[in-house]
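So the chains spell out like this:
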Amino acid sequence: MSLRARLETRLLPAILVAAIVIILPLFFPSAYYYRIGALVFIFALAVVGLNLLMGFAGQVSLGHAGFVGIGAYSAAIGPVHFGAPSWLCLLAGAILSGAVAFAVGRPILRLKGHYLAVATLGFGLLVAIVLTNEASWTGGPDGMSVPALTLFGWRVHGSDAWYWVSGATFVGGFLLAFNLMESPTGRALQAIHDSEIAARVLGIDVARAKLTIFIISAVYASVAGSYLALFNGLVTPDEAGFLRSIELVAMVVLGGMGSIFGSLVGAAVLVVLPQVLTVFHEYEQALLGLIVMVFMIFLRQGIVPSVTVALAGWRK
Amino acid sequence: MRTMQHITATAAIGLCALLGAGLQASAQIKIGSVLSVTGPASFLGDPEKKTLEIYVDEINAKGGVNGQKLQLIVYDDAGNANNARTFATRLVEEDKIDVMVGGSTTGSTLAMIPVFEDAKIPFISLAGAIQIIEPVHKWVFKTPHTDKMACEKIFADLKNRKLTTIAMISGTDAFGKSMRDQCVAVAPKAGITIATEETYGPRDSDMTPQLTNIRNKAGVLAVVNPGFGQGPAIVTRNYQQLGIKLPLYQSHGVASKQFIELAGPAAEGVRLPAAALLIADKLPSKDPQKPVVVNYTRTYQQKSGQAVSTFGGHAYDGLMILVQAMQRAKSADKAKVRDEIEKTKGYIGTGGIVNMSATDHMGLDLSAFHMLEIKGGDWTLVPGT
Amino acid sequence: MAELLQFVFSGLTVGAIYALVALGFTLIYNASDIINFAQGEFVMLGGMTTVFMALAGVPLPLAALIAIIVTTCIGLALHRFAIEPARGASPVALIMITIGASVFLRGVAQIVFDKRFHSLPPLFGADSIQFGGAAILPQSLVVLAGATVIVILLWLFVERTLLGKAVIATAANRLAARLIGIDTRRIVDFSFAVSAAIGAIAGILVTPITLTSYDVGTLLALKGFAAAMLGGIGSPLGAVIGGILIGMIEALSAGYLSSSYKDAVAFLIILVVLVAMPQGLFGRVKVERV
């Protein structure tokens, strides 16, 4: 592939995302919007990882919030119990998540479809239960407070600071994911998604590819979790809970499985929508459920792929 | 094709960004609130929201505060601390509230404290744990009794009845865990020995294994159950099912008459510490709290169609303390209101008589709790408590 | 010894509840390969509708019947208005629709009903049966009996009736089923309706033990789903065995190990079983044609 074409495929989307990150604050009337933006990027980071697993490798995970929880609590337990600096704990959390993904992934990735879903569900629940019960380490169900992140002497505090940190990290994660998908591993994954048996016939080490992507998606989730904990200054076991896992899956599916851009859209929709729906008070939940259903019925490939197809068709 | 995808996504995100706009207006006093109206803590948040809405309407009907009407802005955090934090930021930055009463759970309160401390907005919390006011945060107060007080009250009664060796069975939710921790901390000083402990999930349907273990433990003279919601009702039923005859103590998280309905005949003889609100009609007529609690009970039951709950009572107290502070300060200026809240003396509420100070941001003492016993399907006051 | 018996009784009580919920997953899965996460809400609707009808003065048996009919209609509506239009979507998209439906139903329930806890009177009184030093509620036996009856009925249905065979045919190969004249849409309609009815009946039977509120559905669906997968999705017997097994593990862990970790032990064992037997205990081995 020519240099120009390679740049176009790999860099252009990242540049576009970076542009969004930079231009968006021009429309922000207050710090509240910075917070929403930061939350969108943090969740989008986790969702990109999950999308790699679900959309590209075709493996369902209903327990991904477990890795978010591991990352979040690493950023809490490290500084509070060990006195380690926050950025180091973030790294340690990511490595821990990767290790756990390796240990757990090897046996359970042999499972297929709904069975894999239940296994990942069990994993997520186990993490949440441990985090809730081991109160001497984790502060129990009320959680524990998290000291702020200091980077090179700069104390990262406030919604606007975190907007830039999470935005920049998301662009990085986005670029990485794109590169991954264009690489041999990425292509192998897509082959596995299309037909596992055919991929195996072609000589692809299916188990290893699946495990690799599982570990990568766990690391993404862990970093997102650490950011969430550091941003909020507080972490609770809810961040590893079942509802959080379902939320992440919903973001993947809503945005478009297999579309990395869709990860950002899905995260944006599910973070912004509850804020918008508050005007409906007690109808908020019912409307949220209805909107999710309507989206999935009419845009069943997810928002980005469906709209893209529609626009492309309309252009003709 | 790819470019199309990118443009689509950009447009979608732009749309989302635009959708978040908020509206402003009016010279009303803005009272913000973040409550767990749905989710695992809706048992707390739902009566709190109803109470705030009922009484803000009543106050406005009588002309408002200092000649200004009140505007109540309530958000539902669904029991999630992250959401609570987001809504707190929204209340401060977008809705530009003057004062804040809310935070149904300790988790959501702790998540919101930094936001209100930074914004210098007086915040009256509706959550139970002692760490909300110890150490004292300048801008944070609370109305519910601490779980430490509940433990002290129960232990005092146990000591009285010479039941000094007990077992505890607590819910693993935040309320149950927090109270259990406080009870363990307070027990030695109160002369109580905790012989064994069990836990249950807040949504479990059968606690007979845990209760069987407690029954089999030698030397246990009474059982205490820190928890809230449906758990205590099921524990009480299971207790009777297993034929355990030891005295059973519930916590203040049981909070309403519905517990007696759900636990049925098994509730006979159960004791718990509660605010005067639960026995409004049985208070002696010269009890200073009587008019307040009778009034609140009548109004709440009439307007909401449901039985009173002490959690709703805490919201009432929080609102009234705020309103009275604003009246004394003759303005809605945040710093002045905060100072007046701290000077609250002799406020008679549903939870007790409140006397705050610079070192005590709650203002209740043990006399705010009464020990109740369930007899004949109704609450009765244990004499002398 | 008496305490082991008590733990077993507790396990049976809780396990029967999970079994009854798990059964609801099997029929829909058998007819259409969909995991219906709104199944928990069917259970909730059964219990809550009965409670509120009874509170409004309707005699209990009639209230229960109305609740079952209402829930069945909702199940049918779920298929017709949410699943049918999305036919052809990926399995994950369909699961997401059922999740959206469950959020929607919960949201509507909190408006139509309320957010408090409610109970129903047990069928045979609240006094527990004493046996061998342990106590079990008559209602627990009712739930077990209910699960058994439903399993037998489902088995009879699938093995002995033409309609049952049609359901299996639809699940095996939808196109082929239509080619031989089976109205597959009606079949899936039927499976949703019956699963909703099973869910409602489950709700009515378990409410005297578990109490009910607008959000009981979530945790029950979770455990029911896990039970159904443990037993092998698609097998009614597997669903019941899976449910009772999970209940037993929870009760025995609470009794002998640690009550805080009983759920964790149960899920750990599920993980171990699935790794050893990837089709669940009684699941049909899926043959993948290349």
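Residue positions are given per chain, counting from 1 as you read along its sequence in written order. Working convention: letters from A go to chains and numbers from 1 go to ligands, in the order in which they are written. Side-chain atom pairs in this predicted model are given and counted only at pLDDT of 80 or more, local residue features only at pLDDT of at least 70, and totals for whole chains, interfaces and linings cover all residues. Think of the side-chain values as coming from all heavy atoms in the structure, minus any hydrogens and water.

K.L.:
Describe the overall build of chain B, with residues and values.
P.N.:
Secondary structure counts use DSSP, requiring at least four H or I residues in a row for a helix and at least two E residues in a row for a strand, with both numbered from the N terminus. Within chain B, the regular secondary structure consists of 12 helices and 14 strands. Throughout, the radius of gyration refers to the C-alpha atoms, and the reference size of a globule is 2.2 Å times the residue count to the power 0.38. In terms of overall size, chain B behaves like a compact globule, its C-alpha atoms giving a radius of gyration of 22 Å where 385 residues would be expected to give roughly 21 Å. Projected onto its principal axes, the C-alpha coordinates of chain B cover approximately 70 × 65 × 40 Å. Three exposure classes are used, based on accessible area relative to the maximum for each residue type with a 1.4 Å probe and protein chains only: buried under 20%, partly exposed in between, and exposed over 50%. In chain B, which comprises 385 residues, the proportion classed as buried is 64%. Note on contacts: a residue pair is in contact if any heavy atoms of the two residues lie within 4.5 Å. Once local pairs closer than 6 in sequence are excluded, the contacts in chain B between residues at least 24 apart make up 68%. Split by element, the accessible area of chain B, about 13300 Å² in all, is 55% carbon and sulfur. In this tally, Lys and Arg are treated as positive and Asp and Glu as negative; His is ignored, and so are the chain termini. A single reference atom marks each charge: NZ on Lys, CZ on Arg, CG on Asp, CD on Glu. Between the mean site of the 40 positive side-chain charges and the mean site of the 36 negative ones, chain B shows a separation of 3 Å. Accessible surface area values rest on a Shrake-Rupley calculation with a 1.4 Å probe, where residue burial reflects the displayed protein chains alone.

K.L.:
Explain the overall build of chain A to me, using residue names and the numbers behind them.
P.N.:
A count of helices and strands for chain A gives 14 helices and four strands. Relative to the compact-globule value of 20 Å for 316 residues, chain A shows a C-alpha radius of gyration of 19 Å, a close match. Here chain A carries 16 positive and 13 negative side-chain charges, and the mean point of each set is 14 Å from the other.

K.L.:
Describe the interface of chain C and chain A, naming the residues involved and giving the relevant values.
P.N.:
Contact residues are listed per partner, giving 46 residues for chain C and 39 residues for chain A. By convention, the term buried area covers the 1.4 Å-probe accessible surface removed from two parts as they join, with the contributions of both added. A buried area of about 3700 Å², summed over both sides, lies between chain C and chain A, and 80% of it is on carbon and sulfur atoms. When the buried area of chain C at its contact with chain A is split by residue, Met96, Tyr261 and Val275 of chain C rank highest and sum to 15% of it. Salt bridges are counted wherever a side-chain nitrogen of Lys or Arg sits within 4 Å of a carboxyl oxygen of Asp or Glu. Here chain C is connected to chain A by zero salt bridges. Polar contact is defined as a pair of N or O atoms within 3.5 Å, subject to the rule that within protein one atom must be able to donate a hydrogen and the other to accept it, and that residues adjacent in sequence are counted only when both atoms are side-chain atoms. Counting the contacts that link chain C with chain A gives seven residue pairs in polar contact (both at pLDDT 80 or more). Elements with a contribution of two residues or more to the side of chain C that touches chain A: helix 3 (60–83), helix 4 (91–112), helix 9 (216–231) and helix 11 (262–276) of chain C. Among the elements that take part in the side of chain C that touches chain A, helix 4 of chain C stands out by supplying 14 residues, more than any other. Residue classes in the side of chain C that touches chain A are distributed as 33 nonpolar, nine polar and four charged. For this classification, the nonpolar set comprises Ala, Val, Leu, Ile, Met, Phe, Trp, Tyr, Cys and Pro, the charged set comprises Asp, Glu, Lys and Arg, and every other residue, Gly included, is treated as polar.

K.L.:
Quick one: what's the story with the interface of chain B and chain A, residue by residue and with numbers?
P.N.:
With 41 residues of chain B in contact, the opposing surface of chain A contributes 49 residues. Buried surface at the junction of chain B and chain A, both sides included, amounts to about 3800 Å², of which 64% is carbon and sulfur. Remark: the boundary between chain B and chain A carries one salt bridge. The partner of Glu282 of chain A in a salt bridge is Lys49 of chain B, with the nearest N and O atoms 3.8 Å apart. Joining chain B to chain A, the criterion identifies 11 residue pairs in polar contact (both at pLDDT 80 or more). Only helix 1 (2–19), strand 2 (70–76), helix 3 (81–93), helix 4 (106–119) and helix 6 (174–190) of chain B provide two or more residues apiece to the side of chain B that touches chain A. Per-element accounting of the side of chain B that touches chain A gives the leading share, 12 residues, to helix 1 of chain B. In terms of residue class, the side of chain B that touches chain A is built from 16 nonpolar, 16 polar and nine charged.

K.L.:
Just give me the short version of helix 4 of chain C, but keep the residues and values in it.
P.N.:
Since the α-helix advances by 3.6 residues per turn, residues separated by three or four positions end up pointing in the same direction. Taking 1.5 Å of rise per residue, 22 residues should cover 32 Å, and helix 4 of chain C covers 31 Å from first to last C-alpha, within 8% of that figure. Across the 22 residues of helix 4 of chain C, 17 count as buried, placing the element largely inside the fold. Take the residue count of a helix, subtract one, and multiply by 1.5 Å to get its expected span.

K.L.:
Can you explain the sheet that holds strand 5 (residues 140–142) of chain B? Please cite residues and give values.
P.N.:
Residue and element names in this part refer to chain B. Strands are labelled as partners when DSSP assigns at least two bridges between them. Strand order across the open sheet formed by five strands is 2-1-3-4-5, with parallel pairing between neighbours. In the strand order of this sheet, the two ends are held by strand 2 and strand 5, each with one partner. If you compare each strand with its neighbour and ignore which way they point, the axes differ by 20° on average. Examined bridge by bridge, strand 4 (residues 123–125) and strand 5 share three bridges and lie parallel to one another. Counterpart to Phe123 in the pairing with strand 5 is Val140. Only the stretch in contact is used when a helix axis is fitted, and all axes are lines through C-alpha atoms; the angle between N-to-C directions ranges over 0 to 180 degrees.

K.L.:
Residue-level account of the side chain of Ser306 of chain A, with values.
P.N.:
Residue and element names in this part refer to chain A. Mapped onto the fold, Ser306 is located in helix 14 (residues 303–315). Reaching out from Ser306, the side chain makes a polar contact with the backbone oxygen of Gly302 at a distance of 2.7 Å. The contact partners of Ser306, leaving out residues within four places of it in the chain, are Leu299, Arg300 and Gln301.

K.L.:
Requested: an account of a nonpolar patch on the surface, with residues and values cited.
P.N.:
Residue and element names in this part refer to chain A. Exposure above 30% relative accessible area and no salt bridge define the residues that can form patches, which grow by joining like charges within 9 Å and nonpolar side chains of Val, Leu, Ile, Met, Phe, Trp and Tyr within 5 Å. On the surface, Ile22, Ile23, Leu26, Phe27 and Trp164 cluster together into a nonpolar patch covering about 580 Å² of accessible area. Structurally, the position occupied by Trp164 is in helix 7 (residues 159–182). Accessibility expressed as a relative area gives 39% for Trp164, which makes it partly exposed.

K.L.:
Could you give an account of helix 6 (residues 162–172) of chain C, naming the residues involved and the relevant values?
P.N.:
Residue and element names in this part refer to chain C. Buried within helix 6 we find Gly164, Ala166, Val167 and Thr170. Viewed along the axis of helix 6, the buried residues span an arc of 155°, placing them on a single side of the element. Seen from the open side of helix 6, the exposed residues pointing more than 90 degrees away from its buried face are Leu162 and Ala172. Structurally, helix 6 contributes buried residues whose contacts are with helix 1 (2–32), helix 5 (138–160), helix 7 (174–179) and helix 8 (184–210). Arc definition: directions from the helix axis to the C-beta atoms.

K.L.:
A description of the side chain of Ser256 of chain B should follow, citing residues and the corresponding values.
P.N.:
Positionally, Ser256 of chain B belongs in the loop between strand 9 (248–250) and helix 9 (258–263). In contact with Ser256 of chain B, not counting residues within four places along its chain, are Leu278, Val308, Ser309 and Trp379 of chain B.

K.L.:
Outline the confidence of the model for chain B, supporting the account with residue identities and numerical values.
P.N.:
Residues and elements named next belong to chain B. With 93% of its residues at a pLDDT of at least 70, chain B reaches an overall mean of 91. Looking over chain B, one finds the lowest element-wise mean pLDDT in helix 1, namely 61, and the highest in strand 4, namely 97. Predicted complex, confidence summary: ipTM 0.91, pTM 0.91. Confidence scores here are pLDDT values: one per residue, from the predictor, ranging 0 to 100.

K.L.:
Quick one: what's the story with the pairing of strand 8 (residues 222–225) of chain B, residue by residue and with numbers?
P.N.:
Residue and element names in this part refer to chain B. Along strand 8, one buried face is formed by Ala222 and Val224 and the opposite face, lined by Val223 and Asn225, is buried too. Where strand 6 (residues 165–171) meets strand 8, three bridges bridge the pair, whose relative direction is parallel. In the strand pairing of strand 8, Met168 is matched with Val224. In this sheet, strand 9 lies alongside strand 8 in parallel orientation, the contact comprising three bridges. In the strand pairing of strand 9, Asn225 is matched with Gln250. Crossover strand 8 to strand 9 through helix 8 (residues 231–241) is right-handed. The crossover handedness rule: strands pointing away from the viewer, path from first strand over the helix to second strand clockwise, crossover right-handed.

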